[in-house]
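# Chain and residue survey
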There are 2 protein chains.
Amino acid sequence: MKTEKEITIYDIASKIGIAPSTVSRALNNNPTISAATRKKITELAEKLGYQHNPFARNLRMQKTHTIGVILHELNSQFITSVLAGIEKVATESKYNLIIGHSGENAKIEVVNANNFFHKRVDGIIASLSFDTDDLNHFKQFQNKNIPVVFFDRVFEKSDAAKVIINNYQAGYDATAHLIAQGCKRIAHITSSLKRNVYSERKNGYKKALEDHKIKYDEKLVIIDGFKEEDAIRSAKRILAMKHLPDGIFITNDFCAAVVIQNLKDAGIRVPQDIAVVGFNNDSIGKVISPKLTTINYPGFEMGQVVARTLVNHLKGIWDMNLTNTVIIKSELIVRESSLKKGKD
Amino acid sequence: MKTEKEITIYDIASKIGIAPSTVSRALNNNPTISAATRKKITELAEKLGYQHNPFARNLRMQKTHTIGVILHELNSQFITSVLAGIEKVATESKYNLIIGHSGENAKIEVVNANNFFHKRVDGIIASLSFDTDDLNHFKQFQNKNIPVVFFDRVFEKSDAAKVIINNYQAGYDATAHLIAQGCKRIAHITSSLKRNVYSERKNGYKKALEDHKIKYDEKLVIIDGFKEEDAIRSAKRILAMKHLPDGIFITNDFCAAVVIQNLKDAGIRVPQDIAVVGFNNDSIGKVISPKLTTINYPGFEMGQVVARTLVNHLKGIWDMNLTNTVIIKSELIVRESSLKKGKD
DNA sequence: CTGTTAGCGCATTCAA
DNA sequence: TTGAATGCGCTAACAG
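A brief structural summary. (Residues numbered from 1 in each chain as written. Chains lettered and ligands numbered in written order. Predicted model: local features only at pLDDT ≥ 70, side-chain atom pairs only at ≥ 80, totals over all residues. Heavy atoms only, no water.)

A few words on the pairing of strand E3 (residues 123–126) of chain A. Residues and elements named next belong to chain A. The side-chain alternation of E3 yields two buried faces, one formed by Gly 123 and Ile 125 and the other by Ile 124 and Ala 126. The pairing of strand E1 (residues 66–71) with E3 spans four bridges and is classified as parallel. Following the sheet pairing, Ile 67 is matched in E3 by Gly 123. Where E3 meets strand E4 (residues 148–151), three bridges bridge the pair, whose relative direction is parallel. If you follow Ile 125 over to E4, its bridge partner there is Val 149. Of the crossover connections in this fold, the one passing from E3 over helix H7 (residues 136–143) to the parallel E4 is right-handed. (Buried < 20%, exposed > 50% of the residue type's maximum accessible area, 1.4 Å probe, protein only. Helix = DSSP H or I, 4+ residues; strand = E, 2+ residues; numbered from the N terminus. Pairing = 2+ DSSP bridges. Right-handed = clockwise from strand over helix to strand, strands pointing away.)

Here it is, written out as structure tokens:
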């Protein structure tokens, strides 16, 4: 158990015969230190393998240099891409990340938020769980001027900073594409309408139907989760419809893949009998047959924008409360699963 | 900017008229405190909304209560399951997690290891990147008696603690299954043989061939990455073979899915012409056609075992150096992609 | 059972 | 340009 002692600024100071405060200043690039002493200090620090002690520093500065990231889940390629984008910016900016995911459970989301609050994070990045009803658990941060940026799953009404795509437009585009392929009876499989991403996509779906004189039918809208068992259930509900749809707009690629699989198992041809459009552009879409038409959702870019927004605010470079909504571009990617025309 | 002051144990102490150390003890469940004062203290702490300051505590205790997790990537369901398992145990045991992933790059792995060392983690959980050549970057932890547990991608020769599956057996089972389905010419798509998981699976593959009097042929072994572009390249190499194989054992499900897709695009029937077995039991295997036969790799259990091993060691419950290798059970899951018999 | 005291390593005010 | 002194909040050794 011979744990070598860590090098501190005192060790450096006494070895050179100067004050610890001078060492501290030199190591923090304080301009009041002469070039000569700075050189001596940095060289010795290097030689001894000095590493600052973040706890002492944080205790002293009352800052943690840590960003808390609150996610609903880690199960999609979209969300891991976002995380990679956040991580890139955070690392560049010398911020640490702590990650909490709620498993789509509002109660756990609250626990994570409280936990991060107690850990005294400098800022928060969050995407809401399925069933989060309010933002009360984020109030504590605002009260202490700890900035919070939401992305993807946000409260659009709230005046908090947020980074989103135009879900309405994406929903419209997906549906309009199905209509252009000749679909006249388009079902919609989505999830909790509490979440902007789903309610907005549904609004876009509805508007596209209206614009093309197709009557909106509540019975064609299925709301459920996106896990395998949920998707199977949704597929069964589609198959149980007296009058089958000829197109489905599903707001999640994995779910779409499972639904397509189940339709095929039931003898239905995709896209000939039912055309399908997914959402997210997960890589799963390229390995299923037929390959999935979907909406590209640039997670990595979104992650970078979110983190950049927060970090710039923390560093006082700009006030994120001024430009509080950033909209990231997304677009329809047409593959096989929706191409009815000329197929049949 | 009215940042309210945090409540400290001094606030509680002075309000009650006792010593701060007593408050500290009471809040840490030190048994030497009388029930009466403990009650007073905990109640007031609750009322004032006291939260301990982890920096002061860490500074004082020279412990961080943080575990560094070094991963190769976050892109498979297996690895996110492992992470979920680790997180469960860590949370239960009041440990924080910091996660670094290398993107399969040994250099970044070294950077992450050094970074975690400087952050003074209490312990390390690691799975090696594709091209990691040595464990030198983990030496610094051992020198300071900071425990390191490896999982999945390990150096089997090293005497470090590790949690693995029996990759040799899994490789043997997968191959023997293909042979039992009538395959006589079995290709193998895998990755860097520097990694135990791949070299062991290959050894199992080889042994199964031998045991069934099939000659091992180097030219049937393809070594590449598992990303989409890698998998496409591997599929092309299969298709370019003069004498096509009638079975392929692929050590990654996503890669297997892409390969199957490409074989089908080339007019090859799976499993009739070529049977395929994957590895990991990612959910992608259930949504492709044919559904993928694979090896179940219980990530969540593995994550829990790894974290439990480390935490118990940290808490002094047991010395993990005594039982330094844990083997987790895995098994073959037969679906459609390998079932040649009676198909043709 | 509880109080006193000291110090973890650092950044910062005030003095020089 | 540098030094001395202080305290961030907490835990632990020691004393009572």
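Next comes the rest of the account.
What follows is about the interface of chain A and chain B. Chain A puts 44 residues into the contact, and the matching count from chain B is 42 residues. Interface of chain A and chain B: buried area, both sides summed, is about 3,900 Å²; carbon and sulfur atoms make up 53% of it. Its largest share of buried area at the contact with chain B, chain A owes to Phe55(A), Arg120(A) and Val287(A), together 19% of the area lost on that side. In this assembly, chain A and chain B are joined by eight salt bridges. Its salt-bridge partner being Glu6(A), residue Lys144(B) comes within 2.4 Å of it at the nearest N-O pair. Put simply, chain A and chain B have 18 residue pairs in polar contact (both at pLDDT 80 or more) between them. (Contact = heavy atoms within 4.5 Å. Buried area = accessible area lost by both parts, 1.4 Å probe. Salt bridge = Lys/Arg side-chain N within 4 Å of Asp/Glu carboxyl O. Polar contact = N/O pair within 3.5 Å; in protein donor to acceptor, adjacent residues only side chain to side chain.)

Let us look at the protein's contact with DNA strand D. Around DNA strand D, 26 residues are found, and the nearest of them are Thr22(A), Tyr10(B), Ser24(B), Tyr50(B) and Arg60(B). Backbone atoms, meaning sugar and phosphate, form 65% of the atoms of DNA strand D found within 4 Å of the protein. Between DNA strand D and the protein, one listed contact pairs a sugar or linking oxygen with a backbone N or O atom of Thr32(A) at 3.5 Å. Thr37(A) places a side-chain nitrogen or oxygen 3.1 Å from a phosphate oxygen of DNA strand D. Elements supplying a minimum of two residues to the surface near DNA strand D: helix H2 (20–27) and helix H4 (54–61) of chain A together with helix H1 (9–16), helix H2 (20–27) and helix H4 (54–61) of chain B. Counting residues per element, the surface near DNA strand D draws most heavily on H4(B), which supplies four residues. By residue class, the composition of the surface near DNA strand D is nine nonpolar, 12 polar and five charged. (Near = heavy atom within 4 Å. Nonpolar A, V, L, I, M, F, W, Y, C, P; charged D, E, K, R; others polar.)

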